[in-house]
Amino acid sequence: MGNLLDNWRFKEPRTVEECDSTWGSDSESDEPAVEEDSGISESVSPAESEWPAGNNGDSSPKLTDSPEFLPKMKRSFYAARDLYKYRHCYPNYKKSRQPNEYRNLRFYLNKIPLVPDGIYIEEILTRWRGDYDKLEHNHTYIQWLFPLREQGLNFYAHELTQDEIKEFQSTREAKRRFLAAYSLMLDFYGIKLLDKSGNVTRSSNWQERFHHLNESQHNYLRITRILKSLGELGYEAFKAPLVRLFLEESLLRNTLPNMQHSILEYFVYTIRRPAVRRQLLRYARQHYRPAHAFLWGPPPKRSKPRSGDAGASVGAGSSGIRAPAPTPEPQRRGEMSFIPASACSGTLVSYSDDVAGESLDGYAPLASGMDELEGALIMMLDRNDYSEAVSL
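Residues numbered from 1 in each chain as written. Predicted model: local features only at pLDDT ≥ 70, side-chain atom pairs only at ≥ 80, totals over all residues. Heavy atoms only, no water.

Undergrad: Let's hear about the overall build of the protein: which residues, and what values?
TA: Each helix and strand counted, the protein has 16 helices and four strands in total. Classification of the 392 residues of the protein by burial places 48% in the buried group. Excluding contacts between residues fewer than 6 apart, the proportion of contacts in the protein whose partners are at least 24 apart in sequence is 75%. Accessible surface, the protein as shown: approximately 20100 Å² in total, 51% of it carbon and sulfur. (Helix = DSSP H or I, 4+ residues; strand = E, 2+ residues; numbered from the N terminus. Buried < 20%, exposed > 50% of the residue type's maximum accessible area, 1.4 Å probe, protein only. Contact = heavy atoms within 4.5 Å. Areas by Shrake-Rupley, 256 points an atom, 1.4 Å probe, with all protein chains shown as cover.)

This is the structure in C-alpha cells:
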C-alpha cells in the first residue's frame, strides 16, 4: 500500500527542470519533506574572482568567447532523473519478495566476505590502505563498501533495503567500519578526513593523487556512489564538505579541471537539501569560466505577466521555477533546522554521530566491551555553526 501511494505521489519527471527543485520555493515544489526549501535567498554578485591557476592571464574579450559563437550545452536528463530518484528515496522501488538477508550489514560486521573475491572487510581496512594499484584496478569492492538501493556493476553485491538501513544505523560496529572505509577511499583520492563532522582537506600526497584522479575519470562514478551511500547510511552532512573541496580544486585552483562537469552534474545533486545545493552552486557560479556557460542556475528572472495577458500562464517548454523570497536577516540568523541524515529510513541523526574511539586516519579493530549505541541522536544545528564548519 505504501508503494502504491508513493507511485501516485511521484510522477515520473520528463524534463531536467522537473527533476531539480534547487531553485524552487516550498509552494511550487513537489519534493518530499527532505527536499523542502529553507527559504534562503542570497544575492550573488557577478563573477569577480581571478581565473584559475594555469591560464594565460589574458582576460580581454574574444569574438569566439561570445555565446553565439559557442555550441550550446545542455544538462543531462539521465543524470538529473537518476539523482531525482535517489533524493526521493526511489519512489518506484519495489520491495523484494526474497527474505532480507542483511548481507551488506553482515559484510560490515565481518561475518561474510565480499563476492566474488572472498575478501572480508577487516582485510580491506587493514591491508588495502595505501595500496593504490589494488584500489584502482579492483572493480568489485566498491559496491560492497558503499551499498545502495540500486544495482551496481557487481551483480554479486546486494541492494540495500529500508530495514537494513535502519539496522545498519543502529549498529555501532558497522558504522565505525563504514567511516573507516570512507577514510580509506578519501586517502586514495588524496584527501584526509579531519573529524567526525565530515570536514576534509588535502592529504600530504595530494599532488600525486590529484594528478591520478584528474586522469582517472571512472573514479567519478565511484565518488557519486560514495556520496549516495553516505546519505543512505546516516552521513548526509559529510557530502557538502567533500563537494566543496572538489569545487575549490577544480574551479579555483585548477588541480582537478576534468572533474568540473561531474561535480556540477552529479556530486552536487546527491545532496538532499536544496539550501545546501544552492550555496554550493552559488560558489561554483562565481568561479566558473566562461561565466555565460554555467548551466546550473539560478534560472533567469522573468517579468511578471499582467493578468489577462497571453503569457500569464506558464507555457510549454518553460520550467515554471521561481527563486524563493528572501528571508529576513534576523530570522535567518535564528533559524534552526533538522537535517535528515537518511530520509529514506525515516531516521534523524546528528551531524556528528558519536562514534567513540574511532581512528579516522588509520583503522584499528573495534575494541571489545564498548557500550551499545544509544539509538539515533537528534540534533538541531544552527545554520551559522554549519557555515563555520563548512565554509559555504
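Undergrad: Which residues make up the packing of aromatic side chains, and what values do they have?
TA: Between two aromatic rings, the relevant description is the distance of the centres plus the angle of the planes. Enumeration according to the criterion identifies 18 aromatic pairs in this entry. Between Phe 146 and Phe 178, the aromatic rings sit 5.7 Å apart at their centres with planes inclined by 70 degrees, giving edge-to-face as the arrangement. Here Phe 146, found in the loop between α7 (142-145) and α8 (162-169), pairs with Phe 178, found in helix α9 (residues 172-188); they are 32 residues apart in sequence, far enough to count as distant. We note that Phe 146, like Phe 178, is buried. Both rings, one in Tyr 288 and one in Phe 294, keep their centres 5.4 Å apart while their planes meet at 70 degrees; by these two values the pair is edge-to-face. Within the aromatic cluster, the residues linked to one another by ring pairs are Phe 107, Tyr 108, Trp 144, Phe 146, Phe 168, Phe 178, Tyr 182, Tyr 235 and Phe 238. Between Arg 202 and the ring centre of Trp 206, over which it is positioned, the NZ or CZ distance is 3.6 Å. (Phe/Tyr/Trp six-rings, centres within 6.5 Å; stacked < 30°, edge-to-face > 60°. Lys NZ or Arg CZ within 6 Å of the ring centre and 35° of its normal.)

Undergrad: Which residues make up the nonpolar core, and what are the values?
TA: Formed by 72 residues in total, the largest nonpolar core has its most connected members in Leu 145 and Phe 246. Here the element with the most residues in this core is α9; it accounts for ten residues. Residues in contact with Leu 145, not counting those within four places in the same chain, are Phe 107, Tyr 108, Ile 121, Ile 124, Phe 178, Ala 181 and Leu 184. (Core = buried A, V, L, I, M, F, W, Y, C linked by side-chain atoms within 4.5 Å.)

Undergrad: Could you give an account of helix α10 (residues 206-215), naming the residues involved and the relevant values?
TA: Within α10, burial applies to Arg 209, Phe 210, Leu 213 and Asn 214. End-on, the buried residues of α10 take up no more than an arc of 135 degrees, which puts them together on one face. Turned more than 90 degrees off the buried face of α10, the exposed positions are Gln 207, His 211 and Glu 215. Elements in contact with the buried residues of α10: α6 (132-137), α9, β1 (191-193), β2 (200-202), α11 (218-232) and α12 (239-252). (Arc of directions from axis to C-beta.)

Undergrad: Quick rundown of the environment of Leu 125? Include the residues and the values.
TA: Mapped onto the elements of the fold, Leu 125 is located in helix α5 (residues 121-127). A sequence separation of 53 residues divides Leu 125 from Phe 178, and the C-alpha atoms of the two residues are 9.7 Å apart.

Undergrad: Can you lay out unusual backbone geometry for me, pointing to particular residues and giving the numbers?
TA: The residue after Arg 289, namely Pro 290, is reached through a cis peptide bond having omega -5 degrees. If you trace the backbone, Pro 290 turns up in the loop between α14 (274-287) and α15 (329-333). Between Gly 297 and the following residue, Pro 298, the backbone shows a cis peptide bond with an omega angle of 0 degrees. Following the sequence through the fold, Pro 298 ends up in the loop between α14 and α15. Residue Asn 110 is not a glycine yet carries a positive backbone phi of 65 degrees. By the element assignment, Asn 110 lies in the loop between α4 (103-108) and α5. Backbone geometry places Asn 254, a non-glycine residue, at a positive phi of 60 degrees. With respect to the element layout, Asn 254 can be found in the loop between α12 and α13 (260-267). Note on Asn 254: relative accessible area 29%, which makes it partly exposed.

Undergrad: Break down the pattern of salt bridges for me, with residues and values.
TA: Counted according to the given criterion, the structure contains 17 salt bridges. Where Glu 12 meets Lys 85, a salt bridge forms, and the shortest distance between an N and an O atom there is 3.4 Å. Of this pair, Glu 12 sits in the loop between α1 (2-9) and α2 (16-19) while Lys 85 is found in helix α3 (residues 77-87), placing the two residues 73 residues apart along the sequence. Overall, the relative accessible area of 36% leaves Glu 12 in the partly exposed class. The exposure class assigned to Lys 85 is partly exposed, which follows from its relative accessible area of 27%. Each of the salt bridges in this network shares a partner with another, and the network as a whole consists of Arg 149, Glu 232, Glu 236, Lys 239 and Arg 272. (Salt bridge = Lys/Arg side-chain N within 4 Å of Asp/Glu carboxyl O.)

Undergrad: Mind laying out the packing of α11 against α12, listing which residues take part and the relevant values?
TA: Two elements in contact, α11 and α12, have axes separated by 10 Å at closest approach and are oriented at 155 degrees. The angle between α11 and α12 places the two elements in the roughly antiparallel class. Contact with α11, carried on its side by Ile 223, Leu 227 and Gly 231, involves Lys 239, Leu 242, Val 243 and Phe 246 of α12 and no other residues of that element. A per-class count over the contact of α11 with α12 returns five nonpolar, one polar and one charged. (Axes fitted to C-alpha atoms, helices over the stretch in contact; angles between N-to-C directions. Parallel < 35°, antiparallel > 145°, perpendicular 65-115°, else oblique. Nonpolar A, V, L, I, M, F, W, Y, C, P; charged D, E, K, R; others polar.)

Undergrad: Report on α12, specifying residues and quantitative values.
TA: Here α12 spans 19 Å end to end across 14 residues, near enough to the 20 Å set by a 1.5 Å rise per residue. Of all 14 residues in α12, 13 are buried, a share of seventy percent or more. Phi turns positive one or two residues past the end of α12, at Asn 254, with a value near 60 degrees. (Expected span 1.5 Å × (residues − 1).)

Undergrad: Report on the environment of Arg 149, specifying residues and quantitative values.
TA: Assignment of secondary structure puts Arg 149 in the loop between α7 and α8. Residues Arg 149 and Gln 162, 13 residues apart in the sequence, show an inter-C-alpha distance of 8.5 Å. A distance of 3.3 Å separates the side chain of Arg 149 from the backbone oxygen of Cys 89, its partner in a polar contact. Here Glu 232 takes part through its side chain, which lies 3.5 Å from a polar atom of the side chain of Arg 149. (Polar contact = N/O pair within 3.5 Å; in protein donor to acceptor, adjacent residues only side chain to side chain.)

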